[in-house]
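This is what each chain is made of:
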Amino acid sequence: MLVLFETAAGYAIFKVLDEAKLQEVDSLWKEFETPEKANKIVKLKHFEKFVDTTEALAAATAMTEGKIGKSLKKILKKVVAKEAHEQLAISDAKLGGAIKDKMNLSCVHSPAVAELMRGIRTQMESLITGLPSREISAMSLGLAHSLSRYKLKFSPDKVDTMIVQAISLLDDLDKELNNYIMRCREWYGWHFPELGKIITDNLAYCKSVQKIGFRTNVATTDLSDILPEEIEAEVKLAAEISMGVEVSEQDILNISHLTDQVIEITEYRTQLYDYLKNRMTAIAPNLTIMVGELVGARLISHAGSLLNLAKHPASTVQILGAEKALFRALKTRKDTPKYGLIYHASLVGQSTAKNKGKISRMLAAKASLAIRYDALGEDTNSEMGIENRAKLEARLRHLEDKGIRRISGTGKAMAKADKYQHKSDVKFYDPSGDSTLPSTSKKRKFEEVEEEDVAEVSTPVPVKVKKPKKEPVAAEPEPEEATAEQPPKKKKKKEKKAKAAEEEVEMEVKDEEEEAVVSPAEESTEKKKKKKKKKVKEEEEGE
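Residues numbered from 1 in each chain as written. Predicted model: local features only at pLDDT ≥ 70, side-chain atom pairs only at ≥ 80, totals over all residues. Heavy atoms only, no water.

A. Looking closely at the overall build of the protein. Counting its regular elements, the protein contains 24 helices and five strands. Scored against the burial criterion, the 543 residues of the protein give a buried share of 33%. For the protein, contacts bridging at least 24 residues in sequence account for 65% of all contacts bridging at least 6. Accessible surface, the protein as shown: approximately 35,600 Å² in total, 54% of it carbon and sulfur. (Helix = DSSP H or I, 4+ residues; strand = E, 2+ residues; numbered from the N terminus. Buried < 20%, exposed > 50% of the residue type's maximum accessible area, 1.4 Å probe, protein only. Contact = heavy atoms within 4.5 Å. Areas by Shrake-Rupley, 256 points an atom, 1.4 Å probe, with all protein chains shown as cover.)

Following this line, the structure appears as structure tokens:
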């Protein structure tokens, strides 16, 4: 049996002298306690040394990927092919499959082989002759560094740590600039308070203060290179009628030192932003196109690195930066936030409040793809980001114009919404609520009662007239019944007359009280009713 052993210095082929020892896996380590015992188990047959670290790195990377490198193929053809009947013990089963397919050699990988490799590694210096220990350690260190760089795909242009530091410094500079400018405006405002209201730009304000000094110098100072002509004229006019207090030359000197600091920090911030923009374009070009330089840098800074950000799903990228709101919503069982740092992206800002949630979700999905492409892809072009951004912009336009349909027929022009016309309802004052007298509803009820009384009185009149016409000859008992029925009818008539008289009295009192309110039409109707009542009374008296 032959053993393929890989080292940082090169490939070694060993011949197993006593294969019976491999059957005892648990006690195999005892055979490698001393160099003498190790030489009785295995013997070095061939050693192929690497020329330099580049060849060692190529061989190591090929072996980690399960491929056969050039140096390995060379040694297998030279040594192992001569003894094709022998089995080849290897440490990696994936590599053994590749050797078997390409070289047609039988490979062995088992726990006994792994224990054998471990024993050879412990006695490597004594088994491999002509290779000093110092050289092995140096080559091991160099190969380890090279392999680590290769695995991490290390490149000076791909360092995202610089982005994390740059965006953090940019935020710190913004805070410090804000404090300095507020202090400068408040300090110089005691001497020339009107200048702060006229000049709103902070950098122009500091440059103007530095150039003016005392407000009495405004008339002789040329500010055309800092301010427009209109604002310059306004500043000169305000300086003549300023209400500020007088300050000493030492005060102006200290204020000018502060303005120098503000101007320097502002210029450095501009340079830092350009640097950050260039680094983001180099490291994450697709992410930069999707969300912009500042938002992309803040996402990388929040995640820790570009690789960590690439591991996050799209849902996490969407709410990255809103962790406090998320956990508060989960605790109180309310709606979770729809966006975090991604809210400041230009696409989310362009959308309406109704569509911000949808756009942020779609943007996070496309941004997560762009992040993975930037972090793990070999290409550094930005075609993917441009394509995805165009899709998102088309989707945003579709959402914004969702309610508007095309006109039937040509289908070229979009349907226009109806022009807004203000329709105001004119309300008139109702004077009926001003009166404290009873409402007309009571009158109506009273009139209905009167009509019912009139109907009751008028109904028996035709009956009494018809009876004598229909019955020419009356029997004796009938007049007795009539005479018996007459007294109650007379009583009813008297009661009705009394009631009618009382009602007339009440009506007259009410009419006198409501004369000012009653309209002419109502007076005519009341007169008609009174005439009807008089007629009814005359008919009753005639009966």
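B. The arrangement of the nonpolar core in detail. Membership of the largest hydrophobic core comes to 64 residues, with the highest contact counts inside it found for Tyr 188, Val 235, Leu 287, Val 291, Leu 309 and Leu 363. Here Tyr 188 is in contact with Leu 195, Tyr 205, Val 209, Ile 212, Gly 213, Phe 214, Arg 215, Ile 252 and Ile 255, once residues within four sequence places are set aside. Leu 2, Tyr 11, Ala 12 and Val 42 belong to the second largest nonpolar core, which has 50 residues in total. (Core = buried A, V, L, I, M, F, W, Y, C linked by side-chain atoms within 4.5 Å.)

C. Quick peek at the packing of aromatic side chains. All told, the structure shown has three aromatic pairs when counted by the stated rule. When the ring of Phe 5 is compared with that of Phe 14, the centres are 6.2 Å apart and the planes differ by 75°; the resulting orientation is edge-to-face. According to the relative accessible area criterion, Phe 5 is buried, its value standing at 1%. Residue class for Phe 14 comes out buried when judged on its relative accessible area of 0%. Look at Tyr 339 and Tyr 343: their rings are 4.8 Å apart centre to centre, the planes differ by 45°, and that puts the pair in the tilted class. Over the ring of Tyr 205 we find Arg 185, and its NZ or CZ is 4.4 Å from the ring centre. (Phe/Tyr/Trp six-rings, centres within 6.5 Å; stacked < 30°, edge-to-face > 60°. Lys NZ or Arg CZ within 6 Å of the ring centre and 35° of its normal.)

D. Just the packing of helix H19 (residues 356-376) against helix H20 (residues 383-400), in detail. Two elements in contact, H19 and H20, have axes separated by 10 Å at closest approach and are oriented at 175°. Compared by their axis directions, H19 and H20 come out roughly antiparallel. Packed against H19, whose contacting residues are Lys 358, Ile 359, Met 362, Leu 363, Lys 366, Leu 369, Ala 370 and Tyr 373, the element H20 presents Met 384, Asn 388, Leu 392, Arg 395, Leu 396 and Leu 399 at the interface. Class assignment for the residues of the contact of H19 with H20 results in 10 nonpolar, one polar and three charged. (Axes fitted to C-alpha atoms, helices over the stretch in contact; angles between N-to-C directions. Parallel < 35°, antiparallel > 145°, perpendicular 65-115°, else oblique. Nonpolar A, V, L, I, M, F, W, Y, C, P; charged D, E, K, R; others polar.)

E. Expanded view of the environment of Thr 266. In this fold, Thr 266 is placed in helix H12 (residues 249-283). Once the C-alpha coordinates of Thr 266 and Leu 203 are considered, the two residues, 63 residues apart in sequence, prove to be 7.6 Å apart. Beyond its immediate stretch of four places on either side in the chain, Thr 266 contacts Leu 177 and Leu 203. A polar atom in the side chain of Thr 266 sits 2.6 Å from the backbone oxygen of Val 262. (Polar contact = N/O pair within 3.5 Å; in protein donor to acceptor, adjacent residues only side chain to side chain.)

F. Molecular detail of the confidence of the model for the protein. Per-residue confidence for the protein averages 79 on the pLDDT scale, and 77% of its residues sit at or above 70. Low confidence marks residues 406-413, where pLDDT is under 50. Its contacts with residues over four positions away, or in another chain, come to seven contacts. Taken as a whole, residues 457-489 scores under 50 in pLDDT and shows seven contacts with residues more than four places along the chain or in a different chain. (pLDDT = per-residue confidence, 0-100.)

G. Region of the structure containing the packing of helix H10 (residues 202-212) against H12. As a packed pair, H10 and H12 sit with axes 9 Å apart at the nearest point and diverge in direction by 145°. Every pair of crossing elements has a handedness; the one defined by H10 and H12 is left-handed. Taking contact as the criterion, the partners of Leu 203, Cys 206, Lys 207, Val 209 and Gln 210 in H10 are, on H12, Ile 255, Ser 256, Thr 259, Asp 260, Val 262, Ile 263 and Thr 266. Residues belonging to the contact of H10 with H12 are distributed by class as follows: six nonpolar, four polar and two charged. (Left-handed = near helix turned anticlockwise from the far one by under 90°.)

H. How the structure looks around the pairing of strand E2 (residues 10-16). With respect to burial, E2 is a largely interior element, six of its seven residues being buried. Note that strand E1 (residues 2-6) and E2 share five bridges and pair antiparallel. Note on E2: the bridge partner recorded for Leu 2 is Lys 15. Here E1 folds back onto E2 in antiparallel fashion, the turn holding three residues. Strand direction decides the pairing type here: E2 and strand E3 (residues 42-49), joined by seven bridges, are antiparallel. Looking at E3, one finds that Phe 14 is bridged to Leu 44. (Pairing = 2+ DSSP bridges.)

I. A look at the sheet that holds strand E4 (residues 88-89). Pairing within the open sheet is mixed, and its five strands lie in the order E3-E2-E1-E4-E5. Looking at which strands have only one partner, the edges of the open sheet turn out to be E3 and strand E5 (107-108). For E4 and E5, the ladder comprises two bridges, and the chain directions are parallel. Note on E5: the bridge partner recorded for Leu 88 is Cys 107. Packing against the sheet, helix H5 (residues 111-122) makes contact with E1, E2, E3, E4 and E5, and its axis sits at approximately 55° to E1.

J. Looking closely at the environment of Met 103. Inspection of the secondary structure puts Met 103 in helix H4 (residues 93-103). With 30 residues separating them in the primary sequence, Met 103 and Lys 73 have C-alpha atoms 8.4 Å apart. Apart from residues lying up to four places away in sequence, Met 103 is in contact with Lys 73, Leu 76 and Lys 77.

K. Up close: unusual backbone geometry. The phi dihedral of Arg 333 falls on the positive side, at around 60°, and the residue is not glycine. Tracing the backbone through its elements, the reader meets Arg 333 in the loop between helix H17 (323-332) and helix H18 (346-350). According to the relative accessible area criterion, Arg 333 is exposed, its value standing at 80%.

L. A look at H19. If you check H19, its first and last C-alpha atoms are 30 Å apart, about what 21 residues at 1.5 Å a residue would give, namely 30 Å. By the burial criterion, the buried members of H19 are Lys 356, Gly 357, Ile 359, Ser 360, Met 362, Leu 363, Ala 364, Ala 367, Ser 368, Ala 370, Ile 371 and Asp 374. At its buried positions, H19 is contacted by H12, helix H13 (285-291), helix H15 (306-311), helix H16 (314-318), H18 and H20. (Expected span 1.5 Å × (residues − 1).)

M. Molecular detail of the side chain of Thr 288. Along the polypeptide, Thr 288 turns up in helix H13. At a separation of 3.2 Å, a polar atom in the side chain of Thr 288 contacts the main-chain carbonyl oxygen of Met 280. Setting aside residues no more than four positions away along its own chain, Thr 288 makes contact with Met 280, Thr 281 and Glu 293.

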